[in-house]
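Chain by chain, the residues run as shown.
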Amino acid sequence: MQRGEFPVKIFLSDDGSTDGTREICQKYKEQHPDRIYLLMSEENTKGKIVESLYDKCFSSGVKYVAMCEGDDYWTDPRKLIKQVELLESDLHLSVAIHSQAVIFDGMEGQNFVQGNIFCKKRVALEDVLACFPCNFTASLLFRNPKTLPSWFYTTVSRDHALLIWLATFGDIYFMDDVMAVYRQHPAGITKTIAKKPFEELIAVNERKTSFLVELDGYFNKKYSSIIRKHIFHQFEEALTLSRLHGRRFSAFRYWLKMLQHDYARTVRMSVAFLIKRLHF
């Protein structure tokens, strides 16, 4: 339960769930018809319904937006108050973000607190671009950006894409308070993606690469030194995936892409790899 002396609007979406979530959302809507807005789908749209949810929320006229996905939850009843007060006190900030507990269902020994990955309180766009990807969705409270860029809809990690977009409007302030839980479970996308077939893994990899290329163009290559490192990493990841799945031609193709992208770095890595193979 959140405390606060400000009006709120709640936007709920259900992507064709069959676990009773839909009925719970409808019940709350009936109890608070003027405060809750529902966006429902009869079948799983694989996240496309979220695009409509963003549009509905951002065009509603609200001043601030906070997000909480189905697996996550807030733990501090004053979370929203603290973040709103922070943004109200500094008009140069666009986002207030805080630490969160990461909980692994069924694997409690791996639980940890995800703190400030930026290593500074005040974070600029360059810092967000450098930390790729970063997932703090349940921790965000931000000024309503009203719109989203076209590249937002092309990425695999919309959490990070959203943070990048928000950072174009002002700085981000990182609060030390742990006020949310980010849950990961065996059926979650972050856990099941590694079990997918090679073709699907490569498709995800190439979507990330395409997003980075589009992002580089959007910023007129102002941040190329940062973004190109991530693109190189995507080629490197694709090469590794190809090798692990015995796709030699695919591995060679991505090695050539690495060579074209950063010749010196690729040569150094290749020499180190050969030395390691010869050593063993």
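Per-chain numbering applies: the sequence of each chain, read as written, is numbered from 1 onward. In view of the model being predicted, local features appear only for residues whose pLDDT reaches at least 70, and side-chain atom pairs are presented and counted only at 80 or more, with totals across whole chains, interfaces and linings using the full set of residues. With hydrogens and water set aside, each side-chain value is computed from the structure's full complement of heavy atoms.

Novice: Summarise the pattern of salt bridges; cite the residues concerned and give the values.
Specialist: We define a salt bridge as a contact between a side-chain nitrogen of Lys or Arg and a carboxyl oxygen of Asp or Glu at a distance within 4 Å. Applying the stated criterion to the full structure yields 11 salt bridges. In this structure, Arg-122 engages Asp-171 in a salt bridge whose closest nitrogen and oxygen atoms are separated by 2.9 Å. Of the two residues, Arg-122 sits in strand β7 (residues 122-123) while Asp-171 sits in strand β9 (residues 171-184), which places them 49 residues apart along the sequence. Within this structure, Asp-76, Lys-82 and Asp-177 form a network of salt bridges that share partners. The helix count covers DSSP runs of H or I at least four residues long, the strand count covers runs of E at least two residues long, and both are numbered beginning at the N terminus.

Novice: Help me get a handle on the layout of surface pockets, residues and values and all.
Specialist: Left-over empty space is what a probe sized like a water molecule reveals as it rolls over the atoms. By volume, the second largest pocket is sized at about 470 Å³. Here a cavity means grid points, on a 1 Å grid over the protein atoms only, where a 1.4 Å probe fits yet cannot get out; a pocket means an open set of points with protein on both sides within 12 Å along at least five of seven lines; lining residues are those with an atom within 4 Å of a point. Along the walls of the second largest pocket sit 17 residues, with Leu-239, Arg-243, Trp-255, Ser-270 and Phe-273 positioned nearest its centre. Secondary-structure elements contributing two or more residues to the lining of the second largest pocket are α8 (224-244), α9 (248-261) and α10 (263-279). Residue composition of the lining of the second largest pocket, by class: 8 nonpolar, 5 polar and 4 charged. Grid points are joined across faces, edges and corners, and a volume is the space filled by probe spheres set on the points. Under this grouping Gly is polar, as are all residues other than the nonpolar Ala, Val, Leu, Ile, Met, Phe, Trp, Tyr, Cys and Pro and the charged Asp, Glu, Lys and Arg.

Novice: Tell me what's going on with the side chain of Ser-270, and back it up with residues and numbers.
Specialist: Here Ser-270 is to be found in helix α10. N or O atoms within 3.5 Å of each other form a polar contact, as long as, within protein, one can give a hydrogen and the other can take it, and as long as residues adjacent in sequence are counted only when both atoms are side-chain atoms. Looking at Ser-270, its side chain comes within polar contact range of the side chain of Trp-255, at 2.9 Å.

Novice: Let's hear about the confidence of the model for the protein chain: which residues, and what values?
Specialist: One confidence number per residue, pLDDT, is output by the predictor and ranges from 0 to 100. Within the protein chain, residue pLDDT values average 88, and 92% of them lie at 70 or more. Mean pLDDT across the secondary structure elements of the protein chain bottoms out at helix α6 (residues 189-192), with 49, and peaks at strand β8 (residues 141-143), with 97.

Novice: How would you explain the nonpolar core if you had to name every residue and give the values?
Specialist: The nonpolar core is taken to be a set of buried Ala, Val, Leu, Ile, Met, Phe, Trp, Tyr and Cys residues, with the residues joined through side-chain atoms within 4.5 Å. Note on exposure labels: buried denotes an accessible area under 20% of the residue type's maximum, exposed denotes more than 50%, and partly exposed covers the range between, all computed with a 1.4 Å probe on protein chains only. Counting 51 residues, the largest nonpolar core has Phe-142, Leu-162 and Ile-164 as its most contacted members. Going through the elements one at a time, α2 (48-58), β5 (93-104), α4 (125-130), α5 (158-167), β9, α7 (198-218), α8 and α9 are the ones with two or more residues in this core. Top element by residues in this core is α8. It accounts for 8 residues. Tyr-64, Val-84, Leu-93 and Met-179 belong to the second-largest nonpolar core, a separate cluster that totals 10 residues.

Novice: Kindly report on the packing of α7 against α8, identifying the contributing residues and their values.
Specialist: In this analysis an axis means a line fitted to C-alpha atoms, helices contributing only their contacting stretch, and an angle means the value between N-to-C directions, from 0 to 180 degrees. Contact geometry of α7 with α8 gives a least axis separation of 10 Å together with a crossing angle of 170°. The orientation of α7 relative to α8 falls into the category roughly antiparallel. Facing α7, whose interface residues are Phe-198, Leu-201, Ile-202, Asn-205, Lys-208, Thr-209, Leu-212, Val-213, Leu-215 and Asp-216, α8 presents Ser-224, Ile-227, His-230, Ile-231, Gln-234, Phe-235, Glu-237, Ala-238, Leu-241 and Ser-242. Taken together, the residues that form the contact of α7 with α8 break down as 11 nonpolar, 6 polar and 3 charged. Angles below 35 degrees are treated as roughly parallel, those above 145 as roughly antiparallel, those between 65 and 115 as roughly perpendicular, and all remaining angles as oblique. Residues count as neighbours in contact if any of their non-hydrogen atoms are within 4.5 Å of one another.

Novice: Pulling in residues and values, what's your account of unusual backbone geometry?
Specialist: Glycine aside, residues mostly have negative phi, and peptide bonds are mostly found in the trans state. Of note, Cys-119 is a non-glycine position whose phi angle comes to about 60°, a positive value. By the secondary structure assignment, Cys-119 is in the loop between β6 (112-114) and β7. Phi at Lys-146 takes a positive value of approximately 75°, unusual for a residue other than glycine. Within the secondary structure, Lys-146 sits in the loop between β8 and α5.

Novice: Can you explain the packing of aromatic side chains? Please cite residues and give values.
Specialist: Note on aromatic pairs: the rings of Phe, Tyr and Trp (six-membered ring only in Trp) are paired at centre separations within 6.5 Å, and the planes decide the class, stacked below 30 degrees, edge-to-face beyond 60, tilted for the rest. Going through the model one piece at a time under the given rule, you end up with 15 aromatic pairs. Their ring planes at 15° and their centres at 5.0 Å tell us that Phe-11 and Tyr-37 sit as a pair that is stacked. Of this pair, Phe-11 sits in strand β1 (residues 10-15) while Tyr-37 sits in strand β2 (residues 36-41), and the two are 26 residues apart along the sequence. Think of it as a cone above the ring: NZ of Lys or CZ of Arg counts as a charge over the ring if it is within 6 Å of the ring centre and within 35 degrees of the ring normal. Across from the ring centre of Tyr-37, 5.6 Å away, lies the NZ or CZ of Lys-29, which sits over that ring.

Novice: Account for the side chain of Thr-155, with residues named and values stated.
Specialist: Within the element layout of this structure, Thr-155 appears in the loop between β8 and α5. Reaching out from Thr-155, the side chain makes a polar contact with the backbone nitrogen of Ser-157 at a distance of 3.2 Å. Among all residues touching Thr-155, those that are not within four sequence positions of it are Ala-161, Arg-207 and Phe-211.

Novice: Which residues make up the pairing of β5, and what values go with them?
Specialist: β5 sits mainly inside the fold: 11 of its 12 residues count as buried. We call two strands paired when DSSP finds no fewer than two bridges between them. Bridge analysis of β5 against β8 gives 2 bridges, and the strand direction is antiparallel. Along β8, the bridge assignment pairs Val-95 with Phe-142. Bridge count between β5 and β6: 3 bridges; the pairing is antiparallel. Of the residues in β6, the one forming a bridge with Gln-100 is Gln-114.

Novice: Tell me about the packing of α8 against α9, and name the residues and values.
Specialist: Where α8 contacts α9, the two axes come as close as 8 Å, and the packing angle between them is 160°. As judged from the angle between their axes, α8 and α9 are roughly antiparallel. Crossing geometry of α8 relative to α9 is assigned as left-handed. Judged by residue contacts, Arg-228, Ile-231, Phe-232, Phe-235, Glu-236, Ala-238, Leu-239, Ser-242 and Arg-243 of α8 engage Ser-250, Ala-251, Tyr-254, Trp-255, Lys-257, Met-258 and His-261 from α9. The residue makeup of the contact of α8 with α9, split by class, is 9 nonpolar, 3 polar and 4 charged. Should the near helix be turned counterclockwise from the far one by less than a right angle, the crossing is left-handed, whereas a clockwise turn marks it as right-handed.

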